[in-house]
Amino acid sequence: MTQPIRLVHASDLHLERPLYGLADIPDQLRELLIEAPYHAAEQVFETALAEDADAVLLAGDVLHVDRAGPPAIVLLLDQFARLGERKIPIYWAGGTVDAPDTWPRSVTLPENVHVFPVGRVETFDLGHAGEVIAKVQGTSCREDGEVDARGFHRDVHGLFTIGVAHGTSDSAGHEGDRVHYMALGGRHQQQTVDLEPGIAHYCGTPQGRQPSETGRHGCTVVTVDETHKAKTRFVATDTVRWIDQALEVTATTKSEQLHDRMVERLEKLQAQHAGVDLFVRWTIRGTGPLVNRLRPNSLSDELLVDLRRRFGERQPVAWSVSITCDSALSVPAEWFDQETCLGDFLRVVRGFEQQEKAFDLRPFIPENVRNEFLESIALVDGDGARGELLCRASKLGVDLLILPLEEGDLPAEA
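Residues numbered from 1 in each chain as written. Predicted model: local features only at pLDDT ≥ 70, side-chain atom pairs only at ≥ 80, totals over all residues. Heavy atoms only, no water.

1. Here we look at the pattern of salt bridges
And step 1. Following the criterion strictly, the structure yields 22 salt bridges and no others.
And step 2. A salt bridge links Arg 30 to Asp 27; the shortest N-O distance between them is 3.2 Å. One end of the pair, Arg 30, and the other, Asp 27, are both in helix H1 (residues 27–50), three residues apart, so they sit about a helical turn from each other.
And step 3. We note a salt bridge from Arg 241 to Asp 238, for which the minimum N-O separation is 2.7 Å.
And step 4. Overall, the relative accessible area of 5% leaves Arg 241 in the buried class.
And step 5. Each member of the salt-bridge network shares a partner with another, and the members are Arg 6, Glu 51 and Arg 233. (Salt bridge = Lys/Arg side-chain N within 4 Å of Asp/Glu carboxyl O. Helix = DSSP H or I, 4+ residues; strand = E, 2+ residues; numbered from the N terminus. Buried < 20%, exposed > 50% of the residue type's maximum accessible area, 1.4 Å probe, protein only.)

2. Focus on the pairing of strand E12 (residues 230–236)
And step 1. Of the pairings in the sheet, the one linking strand E11 (residues 218–224) to E12 comprises seven bridges and is antiparallel in character. Bridging from a neighbouring strand, Thr 220 pairs with Phe 234 of E12.
And step 2. Linkage of E11 to E12, two consecutive antiparallel strands, is achieved through a turn of five residues, within which His 228 is found at a positive phi near 70°. (Pairing = 2+ DSSP bridges.)

3. What about the packing of H1 against helix H3 (residues 70–85)?
And step 1. For the pair H1 and H3, interaxial distance at closest approach is 10 Å and the crossing angle is 10°. One way to sum up the angle between H1 and H3 is to call them roughly parallel. Facing Tyr 38, Ala 41, Glu 42, Phe 45, Glu 46, Ala 48 and Leu 49 of H1, the residues of H3 in contact are Pro 71, Ala 72, Leu 75, Leu 76, Gln 79, Phe 80, Arg 82 and Leu 83.
And step 2. For the contact of H1 with H3, the residue count by class is eleven nonpolar, one polar and three charged. (Axes fitted to C-alpha atoms, helices over the stretch in contact; angles between N-to-C directions. Parallel < 35°, antiparallel > 145°, perpendicular 65-115°, else oblique. Contact = heavy atoms within 4.5 Å. Nonpolar A, V, L, I, M, F, W, Y, C, P; charged D, E, K, R; others polar.)

4. Considerations on the sheet that holds E11
Within a sheet, neighbouring strands are paired by backbone hydrogen bonds and run either parallel or antiparallel to one another.
And step 1. Spatially, the six strands line up as an open sheet ordered E4-E3-E2-E1-E11-E12, and their pairing is mixed. Of all strands in the sheet, those with a lone pairing partner are strand E4 (113–115) and E12, marking the two edges. Within the sheet, the average angular offset between the axes of one strand and its neighbour, ignoring direction, is 20°.
And step 2. Of the strand pairs in this sheet, strand E1 (residues 5–10) and strand E2 (residues 55–58) are connected by four bridges, and their pairing is parallel. Residue pairing for E2: Ala 10 is matched across the bridge by Leu 58.
And step 3. Here H1 sits on the sheet and contacts E1, E2, E11 and E12; the angle it forms with E1, its principal contact strand, is near 180°.

5. Considerations on the sheet that holds strand E14 (residues 277–286)
And step 1. Read from one edge of the open sheet, three strands run E13-E14-E15, paired in parallel fashion. On the outer flanks of this sheet lie strand E13 (240–249) and strand E15 (318–324), each paired with one strand and no other. For this sheet, the mean inter-axis angle between neighbouring strands, taken without regard to orientation, is 25°.
And step 2. Strand direction decides the pairing type here: E13 and E14, joined by ten bridges, are parallel. Within E14, the residue paired with Leu 247 across the bridge is Ile 284.
And step 3. The strands touched by helix H4 (residues 255–272) are E13, E14 and E15; relative to E13, the strand with the most contacts, the crossing angle is about 145°.
And step 4. Packing of helix H6 (residues 299–311) onto the sheet brings it into contact with E14 and E15, and relative to E15 it is tilted by some 170°.

6. Concerning the environment of Trp 242
And step 1. As for its position among the elements, Trp 242 is in strand E13.
And step 2. Judged by relative accessible area, Trp 242 falls into the buried class, the value being 1%.
And step 3. A C-alpha to C-alpha distance of 21 Å links Trp 242 and Asp 260, two positions 18 residues apart in sequence.
And step 4. Residues in contact with Trp 242, not counting those within four places in the same chain, are Leu 19, Tyr 20, Leu 22, Gly 208, Arg 209, Gln 210, Pro 211, Glu 213, Thr 214, Gly 215, Phe 279 and Val 321.
And step 5. Within the structure, Trp 242 has its side chain in polar contact with the backbone oxygen of Gly 208 (distance 3.1 Å). (Polar contact = N/O pair within 3.5 Å; in protein donor to acceptor, adjacent residues only side chain to side chain.)

7. Overview of unusual backbone geometry
And step 1. Following Glu 196, the chain continues to Pro 197 via a peptide bond in cis, the omega torsion being -5°.
And step 2. Relative to the elements of secondary structure, Pro 197 occurs in the loop between strand E9 (191–194) and strand E10 (199–202).
And step 3. The omega torsion of the bond from Gln 315 to Pro 316 falls at -5°, within 30 degrees of zero and hence cis.
And step 4. Tracing the chain through its elements places Pro 316 in the loop between H6 and E15.
And step 5. In this model, His 14 sits at a positive phi of 45°, which is unusual for a non-glycine residue.
And step 6. Within the fold, His 14 resides in the loop between E1 and H1.
And step 7. Under the relative-accessibility criterion, His 14 is labelled buried at 1%.

8. A short note on the nonpolar core
And step 1. The biggest cluster of nonpolar side chains holds 31 residues, and the ones touching the most others in it are Leu 15, Leu 63, Leu 76 and Trp 92.
And step 2. Discounting chain neighbours no more than four positions away, the residues touching Leu 15 are Pro 37, Tyr 38, Ala 41, Val 62, Leu 63, Ala 68, Ala 72, Leu 75, Leu 76 and Arg 209.
And step 3. Judged by nonpolar contacts, the second largest core, of 24 residues, contains Met 262, Trp 282, Leu 294 and Leu 307. (Core = buried A, V, L, I, M, F, W, Y, C linked by side-chain atoms within 4.5 Å.)

9. Notes on the packing of aromatic side chains
And step 1. For the structure on display, the rule yields eight aromatic pairs.
And step 2. With a centroid separation of 6.4 Å and 25° between ring planes, the pair formed by Tyr 91 and Phe 116 is classed as stacked. Of this pair, Tyr 91 sits in strand E3 (residues 90–92) while Phe 116 sits in the loop between E4 and strand E5 (122–128); the two residues are 25 residues apart in sequence, bridging distant segments of the chain. Grouping residues by exposure puts Tyr 91 and Phe 116 together as buried.
And step 3. What links up through ring pairs into an aromatic cluster is the set Phe 45, Phe 80, Trp 92 and Trp 103. (Phe/Tyr/Trp six-rings, centres within 6.5 Å; stacked < 30°, edge-to-face > 60°.)

10. Side note on the pairing of E5
And step 1. Summarising the sheet, E5 and strand E6 (residues 131–138) pair through seven bridges and their orientation is antiparallel. By the bridge assignment, Asp 125 is partnered in E6 with Lys 135.
And step 2. Between E5 and E6, which pair antiparallel and follow one another directly, the connecting turn spans two residues, one of which, Ala 129, has a positive phi of 55°.

Structure representation (structure tokens):
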């Protein structure tokens, strides 16, 4: 029997990367996007202090020194010193951007920071109240990004053994076989990949960097009881959160109804994610005349302007990043049979839908602006790109041809 152990496991702080992936960034949000990774990193170390952790495990990609620059280095040193005052050791396994030899030689790391070497596993004693309570093993990944896990092994005297690495060479499902707890880095989403006989866990990044990294991000608190049974607990550290939201519309849905539903959804999201700035991507699906207007330079933009005005200038922010509708053109079947410009257009669209050849728009580029880049994007190939272009063009055409009419009105026969 040994005394309980408490660890904080973090990785992929990427202090050199601000948030990205927005087409347009208003001035009032620029500082927020730049500072978010720093605030998230501070929350990781604050968690270690609040939890009275026995150690912090950093599993790589903490920062690219050259790209992050002095502010990130100062932030780390300050946080390391705070933990040093509480005698909390930090075990750091370098990843693909933070190999040990990239740290400035003129900047000395505090004594409580232990950096693992490249290419071999090194072992440290983790002590508490003058007693060794665990073994901490780790290695920094090689220049090619590979980690050789063969040097990890459980302590022969039965002490709880912790591994730290930016990934592992072990096969899927066996990442935790060599130690009691394998602290892994290199994935931005939290994931436990092995449970028996030992746990192998990716803690994810403390702060999602782009729209595809949705949901909560943070670090992992690991508690180990007297029988060496380890449990993981997620702690959110992100100050900005990416959210995807989907809504359905029907043939009878009006634009005002859709707007009100989006406002209501944003209010609920802010209640669910209290104190966190939200960046929301909307996907609208369904049928009816409304889907034809949900495109750039039309209803989508109108909705964005209003939602950003309502929720983008308050604290915390709920910023609507985009509104997309990938539902197909939705019109009554009888419109295709009309002897009108609208009917002719719809029949042309249907003809293109039945073809599989690429759209070659290069002949339509004026000679005075023609260049290699424009020619490359004017040749639209592949089912996805071709389908998206045809969907947008068909919606734009129908919208323009029925512009004087109210939503859902049927054009008169010629």
